[in-house]
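# Architecture at a glance
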Amino acid sequence: MTTEELKNLTVAKSVDARGTACPGPLLEAKKAIGTIQSGEILEVLSADEGTKNDLPKWCNKQGNEFLGMVEENGYYKLYLKKK
Amino acid sequence: MEKSNEITMEKLLAELENLKAKTTQLENSAKKDQLSIAIISGDMDKIMAGMIISLAAAAMDTKVKLFFSFWGLAALRDPKKTVKGKNFVSKMFGCMLPKGYGKLKLSKHNMCGMGPMMMKNLMKKQHVLSLDEMFKEAAELGIEITACEMTMNLMGFKKEEFIDYPHFRIAGAATFVADAGESAMQWMI
């Protein structure tokens, strides 16, 4: 997905995990994924560099689809679709 | 064609039964999506590493079972709890070992307690979960903690002085071996 496409996604829920380092963003994602429906999009905000690699791996394991990420000023917006 | 090479329904069914049995056998021997860690060390950095990896695994829906033994047991002590009726050696162990995960030393650069203090400040600054928060998250994620009974007896620790943790049990080495045997990942820290 291109950055433009990612920015135009309809997000069902957004979690701000910028206040936690590894493995905080994963824990936040796990908590949030339970609150959305299958096929809906979850947005995770993280300032932790490792999340860029960790979240796709987490999605892979969970069967969720990692859609991509957008780099903002000092943090990342990561998008995933619940299976 | 010889008769023995003929494919009959009976032969097919027999072969199918054979395959079914083999599949069940394989399924039973397959490793579970489970992480078993024997935590032997009682150093702050090592307990932290163990907890961080465990939390990441649990977030990925991997079942996590931690087996605390030897110096690792000190991390499970509750600083607010005291028990009576200990003998001299047990009291000595109780005095010498850190009282809970908040009082652990660093394995390197401890500098009489300066190290852990600096580390805790740094962790706060970098938004790393404190050990206290890590144990709370672990409880929420259903991470199991087992305290080694033999080392508890050896060092004179009683179950009454350990932290209140929802998935806590006391067991022996065989429990760890059995758990580790069915886990896809087995580590020791």
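In the block above lies the structure referred to throughout.
Here the structure is a predicted model, which means the values were calculated and not measured.

About the cut-offs
Throughout, residues of each chain are indexed from 1 in the direction in which the sequence is written. Lettering for chains starts from A, numbering for ligands starts from 1, and both go in the order in which the items are written. Predicted model: local features are reported for residues with pLDDT of at least 70 only, side-chain atom pairs are reported and counted for 80 or more only, and whole-chain, interface and lining totals are derived from all residues. As a convention, hydrogens and water are excluded, and side-chain values are obtained from all of the structure's heavy atoms. Every axis corresponds to a line fitted to the C-alpha atoms, with the helix fit spanning only the stretch in contact, and the corresponding angles, defined between N-to-C directions, vary from 0 to 180 degrees. By definition, any uninterrupted DSSP run of H or I lasting at least four residues is a helix, any uninterrupted run of E lasting at least two residues is a strand, and each is numbered from the N terminus. Definitions for this section: a left-handed crossing has its near helix turned counterclockwise from the far helix by less than a right angle. A right-handed crossing has that turn clockwise. The contact criterion used is simple: two residues touch if any of their non-hydrogen atoms lie within 4.5 Å. The nonpolar class holds Ala, Val, Leu, Ile, Met, Phe, Trp, Tyr, Cys and Pro. Asp, Glu, Lys and Arg form the charged class, and all remaining residues, Gly among them, are polar. A pair of strands is labelled paired if DSSP reports no fewer than 2 bridges between them.

Residue and element names in this part refer to chain B. Viewed as axis vectors pointing N to C, helix α2 (residues 44-59) and helix α5 (residues 131-140) meet at an angle of 35°, and their least axial separation amounts to 10 Å. Crossing of α2 against α5: the hand is left-handed. Taken together, the residues of α5 that come into contact with α2 (itself represented by Met44, Ile47, Met48, Met51, Ile52 and Leu55) are Leu131, Met134, Phe135, Glu137 and Ala138. Taken together, the residues of the contact of α2 with α5 sort by class into ten nonpolar, no polar and one charged.

Turning next to the sheet that holds strand β2 (residues 41-46) of chain A. Residues and elements named next belong to chain A. Across the sheet, four strands lie side by side as β1-β2-β4-β3; this open sheet has mixed pairing. Bordering the open sheet on either side are β1 (13-16) and β3 (65-71), each of which pairs with just one other strand. Put simply, the sheet's adjacent strands are angled 20° from each other on average, direction ignored. Bridge count for β3 against strand β4 (residues 76-81) is six bridges, and the pairing is antiparallel. Counterpart to Val70 in the pairing with β4 is Lys77. Sitting on the sheet, helix α2 (residues 24-33) is in contact with β1, β2 and β4, with an inclination near 155° to β2. Packing of helix α3 (residues 51-62) onto the sheet brings it into contact with β2, β3 and β4, and relative to β4 it is tilted by some 5°.

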